[in-house]
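Observations on chain architecture
The chain contents come next:
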Amino acid sequence: MAVLVATAGGALGAPAAADGGTSPGRVEFPTHCLPAAEGPTAALIEVDDPAPRVGDTVTVTYRLDRTPLAPPQEGALPAATGRVLLGGAQRGEVAVAPVDGSGAVMRGSFVVTGAGGITLSPGGYALAGAACGVAAPTAPVAARLTAAPLPVMNLRGLALGTSYGEPGARVRITGAGFTPGAEVAVAGRAGAAETADRVAATADRSGAFAVELAVADRGTTGVVAYEGGAWSAARGARPEAYAVVEPAPAAGSLTMTQAGAAITLGAVGYGGAGGGAGRIGTVTVVDTRGPGAGRWTLRGRLTEFTGADGAPVPGASLSWTPVCGGGCAAGPAGVVGAEGAVLASGEGGRCTVDAAVALRVPPYTPPGAYRASLTLTLS
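Reference entry: report on the structure contained in this document. (Residues numbered from 1 in each chain as written. Predicted model: local features only at pLDDT ≥ 70, side-chain atom pairs only at ≥ 80, totals over all residues. Heavy atoms only, no water.)

1. Looking at the pattern of salt bridges
Note the following rule: Basic side-chain nitrogens of Lys or Arg form a salt bridge, by our definition, when they fall within 4 Å of a carboxyl oxygen of Asp or Glu. Each helix is a run of DSSP H or I of at least 4 residues and each strand a run of E of at least 2, with the numbering of both proceeding from the N terminus. Three exposure classes are used, based on accessible area relative to the maximum for each residue type with a 1.4 Å probe and protein chains only: buried under 20%, partly exposed in between, and exposed over 50%.
The tally for this structure, following the rule as stated, stands at 13 salt bridges. A salt bridge links Arg170 to Glu212, with the shortest nitrogen-to-oxygen separation between them at 3.0 Å. With Arg170 in strand E12 (residues 169-176) and Glu212 in strand E15 (residues 209-215), the pair connects residues that are 42 residues apart, well separated along the chain. Classification of Arg170 by relative accessible area gives exposed; the value is 55%. The salt bridge partner of Arg238 is Glu240, with a shortest N-O separation of 3.9 Å. You can call Arg238 partly exposed: its relative accessible area is 49%. It is possible to trace a salt-bridge network through shared partners that takes in Arg26, Arg63 and Asp65.

Here you go:
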């Protein structure tokens, strides 16, 4: 059935609501119908989500309240089909079909494809064997929504050459995932506040940089890097922990040495969980501070396991079983994480500390070489 759309006439104002205002989403517009009938149509258009994101599905309801085909005094309107016109940030139309048992209430949906303001206007409809078109160049806007863009993943990350040092120590900082060519601020942090320890860097064409930061503030607990005037979760790398340790007193000392810093773990069969065993390099602790200096504690802290692209391995964990020789007490066996775990403790003299380690990864972790940093701190 053809629909005749006239070019004469204009959109009428929306009818007044009972409180003297205008009903949201309700509009009135001239229509021309076949078989021959002309007059205003009053309709309501509503959406279930006025603030969707790109990719979301929005449900549209189109309800006819009055039509020249059936005056209001004749009772409820029959079932209808129609279309809703989209404008603004997204062009097109939405086909709407009858809602069972709801008379001239039609419903359809569309997927948001672009960010910005989107308008919805009534289009032609058909009911009771007749078809009606909008008798004006454009139909009035009955509803609006604002679509938000998809969030952008922040891939910025930092790596510290060491996680502790004496006041004034220079720490090598490397970053990746920043905007190519961007100016990057690298700064020390004391809790949530920044310290005066700061250095500037410029990201290269791949978004990476490498600088040295002198950490002099004794309150420093971490290091951050970011683009712009201040750190934010959207434009900065998450803080990496750093501790400023005081140098040992001249009279006597508390020192440790390690026989090899690298730990190589065995391969994991693809699809399986768990990993090969390994062992830390033996740590020798020498305490010459004399009586009354108190006990010492040797702790370990582990970063996340990451691949060559810097992506973390969710669910990966490293466990150890410490052993001691020479009078110190071994720490409990268990998982070593970012919060730290005790490797050993003692008081005075000389002792050796060792630990067997075992890696656990989730099943079907993508093949590749993964790396994490295990930091031992003696205090």
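2. A few points about the sheet that holds strand E13 (residues 183-190)
To keep it simple, the criterion reads: By this definition, two strands are paired if DSSP reports at least two bridges between them. What counts as an axis is a line fitted to C-alpha atoms, over the stretch in contact for a helix, and the angles between N-to-C directions run from 0 to 180 degrees.
On the basis of which strands lie adjacent, the open sheet formed by four strands has the order E14-E13-E16-E17 and antiparallel pairing. Whereas interior strands pair on both sides, the edge strands pair on one side only; in this sheet they are strand E14 (193-202) and strand E17 (236-241). Ignoring strand direction, the axes of neighbouring strands in this sheet form an average angle of 20°.

3. Let's talk about the state of the cysteines
The cut-off we apply is this: A pair of cysteine sulfur atoms is labelled a disulfide when the two atoms are within 2.5 Å.
Considering all chains together, one arrives at one disulfide under this definition. In this model Cys33 forms its disulfide with Cys132; the gap between the sulfur atoms is 2.0 Å. Across the S-S bond of Cys33 and Cys132 the torsion is about 110°, and the bridge reads as right-handed. Of this pair, Cys33 sits in strand E1 (residues 26-34) while Cys132 is found in strand E8 (residues 130-134), placing the two residues 99 residues apart along the sequence. The pair Cys33 / Cys132 is uniform in exposure class, with both members buried. The thiol of Cys351 is unpaired, and the distance to the nearest cysteine sulfur, on Cys328, comes to 3.2 Å. Judged by its relative accessible area of 4%, Cys351 falls in the buried class.

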